[in-house]
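In case you want the letters, here they are:
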Amino acid sequence: MKTMIGTSLLAASLLVGGATAASAQVKPTLGPYGYGAVKLGMTVKQAKATGALVKKVSGNGGCSGWDLKKFPTPKGSVGVYISPKFGLAAIFAAKGMKTPEGIRVGSTLKQLKAAYPRIKKDFHDFYTVKVPHNTKASYSFTVEKGKVTGYGIALNKQDCFN
């Protein structure tokens, strides 16, 4: 079942920002299982217990939208989706985050392809690849003018967006 989130909202969520200068300097890692204590597959209760999330959008029986407290997103976007069926389904990178392989917003397409040789462009124009060391998740990257402009990690099996 596809719920309240469409591809355009996914694209907007991939372009999140809002990290403070201090938090961006830490260069936190997103992947292979999540971000810090916030892990893919967690229930809402488990995710809330980390103390790292703030709720933004009620799911009304479907997926709910959240932000990482350290990385609030602009109005109309969220940084995290949680599915009532699959748990924490996706985390979108905030400014300053990087993958364990060193890819971040601003990396070149050449760097992206070198880090993930099996990456493919999908029908939504996202570059997608299975997450190394986590067969249950994939990364999706937006690339414009040869540079990564946003990315996220999501469960392969989720019902928050297509």
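Right above here is the structure, for reference.
**Describing the state of the cysteines**
Here's step 1: All chains considered together, the criterion is met by one disulfide.
Here's step 2: Note on cysteine connectivity: Cys63 is disulfide-linked to Cys160, with sulfurs 2.0 Å apart. Taking the sign of the S-S torsion, about -90 degrees here, the bridge from Cys63 to Cys160 comes out left-handed. Taken together, the residues span a long stretch of sequence, with Cys63 in the loop between strand E3 (53-57) and strand E4 (64-68) and Cys160 in the segment after strand E10 (147-155) at a distance of 97 residues.
Here's step 3: Using a relative accessible area of 0% as the deciding quantity, one classes Cys63 as buried.
Here's step 4: Accessibility expressed as a relative area gives 0% for Cys160, which makes it buried.

**What to know about the side chain of Ser138**
Here's step 1: One can find Ser138 in strand E9 (residues 134-144).
Here's step 2: Given a relative accessible area of 18%, Ser138 falls into the buried group.
Here's step 3: In terms of polar contacts, Ser138 uses its side chain to reach the side chain of Asn156, at 2.5 Å.
Here's step 4: Leaving out residues up to four positions away in the same chain, Ser138 has contacts with Val129, Lys130, Val131, Gly152, Ile153, Ala154 and Asn156.

**Thoughts on the sheet that holds E9**
Here's step 1: Spatially, the eight strands line up as an open sheet ordered E3-E4-E5-E6-E10-E9-E8-E7, and their pairing is antiparallel. Of all strands in the sheet, those bounded by a partner on one side alone are E3 and strand E7 (120-121).
Here's step 2: Summarising the sheet, strand E8 (residues 127-131) and E9 pair through five bridges and their orientation is antiparallel. In the sheet register, Val129 faces E9, and the bridge partner there is Tyr139.

**Concerning the nonpolar core**
Across soluble globular proteins, nonpolar side chains have a tendency to be buried as a group.
Here's step 1: Residues Leu68, Leu88, Ile91, Met97, Leu112 and Phe141 are the most contacted members of the largest nonpolar core, which totals 33 residues.
Here's step 2: Contributions of two or more residues to this core are made by E4, strand E5 (80-83), strand E6 (87-92), helix H4 (109-115), E8, E9 and E10.
Here's step 3: With sequence-adjacent residues up to four places away left out, Met97 is seen in contact with Pro28, Leu30, Tyr35, Leu68, Phe71, Ile103, Arg104 and Tyr151.
Here's step 4: Among the nonpolar cores identified, the runner-up in size contains nine residues, and Ala89, Ala90, Phe92 and Ala154 belong to it.

**Quick word on unusual backbone geometry**
Here's step 1: In the segment running from Gly31 into Pro32, the intervening peptide bond is cis, with an omega of 0 degrees.
Here's step 2: Its place among the elements puts Pro32 in the loop between helix H2 (21-26) and strand E1 (34-35).
Here's step 3: A positive phi is found at Asp125, a non-glycine position, where the angle reads about 70 degrees.
Here's step 4: Along the chain, Asp125 falls in the loop between E7 and E8.
Here's step 5: Phi at Lys145 is positive, roughly 50 degrees, even though this residue is not glycine.
Here's step 6: Among the structural elements, Lys145 can be located in the loop between E9 and E10.

Thresholds applied
Residues numbered from 1 in each chain as written. Predicted model: local features only at pLDDT ≥ 70, side-chain atom pairs only at ≥ 80, totals over all residues. Heavy atoms only, no water. Disulfide = S-S within 2.5 Å. Helix = DSSP H or I, 4+ residues; strand = E, 2+ residues; numbered from the N terminus. Buried < 20%, exposed > 50% of the residue type's maximum accessible area, 1.4 Å probe, protein only. Polar contact = N/O pair within 3.5 Å; in protein donor to acceptor, adjacent residues only side chain to side chain. Contact = heavy atoms within 4.5 Å. Pairing = 2+ DSSP bridges. Core = buried A, V, L, I, M, F, W, Y, C linked by side-chain atoms within 4.5 Å.

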